[in-house]
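Structure at a glance
Residue strings, one per chain:
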Amino acid sequence: SFSALGDDASGNNRTTATNESRSNDRFVRRVIFEGSYANAGYQGDDSRSYSNPNGYSAGVLFDLLGTGAMVLETGALYRQFGTTYSVGPVSVAFTANYISIPVDLKLYLAGQESSSLYLKAGVMGSTLTSSNTISISPTTQIGARSWETAFLGGVGVKFNLDRKST
């Protein structure tokens, strides 16, 4: 590897790193900045009391290892989920904030170095960092667990934004 603003091994001064200078056996294949919005429903005996179940997540993910179509994806996400609970004229907003570490296998259907559709599946561990899930009036508590483990799966598309010279 070389410094993007320094001299490479042949003594040339470079200011940008191109795809041609990247090693195919590098550990970190790419960095992905992620953000998402969640809007969930709740069904149950008291579901009429809850409204606006939603949340968001933001973080950074890394494609690691793998020179073919398959990579290991992991990273860190900040996730916040919430709802509003209403009884009569009283409404209370609840939120739960988590730090999550997903670990999954990602398969790029057209290869990882070109624009490609991908599939991924794995697990995600989440720890509760803060919450306001208890209300004094009316006395209500919603389930904000201190630790969660979830299975995850997804389909997506990766687009290359750089131009290749011919």
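The structure under discussion appears in the preceding block.
These notes cover the structure that comes with them. Quantities reported herein were computed from a predicted structural model and do not represent experimental measurements.

Time to look at the overall build of the protein chain. For the protein chain, the helix and strand inventory stands at zero helices and eight strands. When the helices and strands of the protein chain are listed from N to C terminus, the series reads β-β-β-β-β-β-β-β. Per-residue burial over the protein chain gives 28% buried out of 166 residues. In the form shown here, the protein chain has an accessible surface area of approximately 10800 Å², with 58% of it arising from carbon and sulfur atoms.

Turning our attention to the environment of Thr127. One can find Thr127 in strand S5 (residues 116-132). Exposure remark for Thr127: the relative accessible area of 34% places this residue in the partly exposed category. Thr127 sits 26 residues away from Ile101 along the chain, and the two C-alpha atoms are 9.0 Å apart. Apart from the residues within four sequence positions on either side, Thr127 is in contact with Asn97, Tyr98, Ile99, Ser146 and Trp147. Side-chain polar atoms of Thr127 contact the backbone oxygen of Ser146, separated by 3.5 Å.

Let us look at the pairing of strand S4 (residues 90-108). For strand S3 (residues 70-87) and S4, the ladder comprises 16 bridges, and the chain directions are antiparallel. In the sheet register, Phe81 faces S4, and the bridge partner there is Ala96. Both S4 and S5 contribute to a ladder of 14 bridges, which runs antiparallel. Within S5, the position partnered with Asp104 by the bridge is Gly122.

With that settled, consider a nonpolar patch on the surface. Taken together, the side chains of Met70, Leu105, Leu107, Leu109, Leu117, Leu119, Val155, Val157, Phe159 and Leu161 present a nonpolar region at the surface, about 990 Å² in accessible area. If you list the elements that add at least two residues to the nonpolar patch, you get S4, S5 and strand S8 (147-158). Inspection of the secondary structure puts Leu119 in strand S5.

Now for the pattern of salt bridges. Under the definition given, this model contains seven salt bridges. A salt bridge links Asp63 to Arg30; its shortest N-O distance comes to 3.0 Å. One end of the pair, Asp63, is in strand S2 (residues 50-64); the other, Arg30, is in strand S1 (residues 28-39), and 33 residues separate them in sequence. The residue Glu113 makes a salt bridge to Arg30 at a minimum N-O spacing of 3.8 Å. Of this pair, Glu113 sits in the loop between S4 and S5 while Arg30 is found in strand S1, placing the two residues 83 residues apart along the sequence. Classification of Arg30 by relative accessible area gives buried; the value is 14%. Salt bridges linked by common partners bring Arg29, Arg30, Asp63, Glu73, Lys106, Glu113 and Lys120 together as one network.

Here we take up the pairing of S5. Pairing geometry for S5 and S8, over twelve bridges, is antiparallel. Across the sheet, residue Ser116 finds its bridge partner in S8, namely Lys158.

What counts and what doesn't
- Residues numbered from 1 in each chain as written.
- Predicted model: local features only at pLDDT ≥ 70, side-chain atom pairs only at ≥ 80, totals over all residues.
- Heavy atoms only, no water.
- Helix = DSSP H or I, 4+ residues; strand = E, 2+ residues; numbered from the N terminus.
- Buried < 20%, exposed > 50% of the residue type's maximum accessible area, 1.4 Å probe, protein only.
- Areas by Shrake-Rupley, 256 points an atom, 1.4 Å probe, with all protein chains shown as cover.
- Contact = heavy atoms within 4.5 Å.
- Polar contact = N/O pair within 3.5 Å; in protein donor to acceptor, adjacent residues only side chain to side chain.
- Pairing = 2+ DSSP bridges.
- Patch = residues over 30% accessible without salt bridge, like charges linked within 9 Å, V, L, I, M, F, W, Y side chains within 5 Å.
- Salt bridge = Lys/Arg side-chain N within 4 Å of Asp/Glu carboxyl O.

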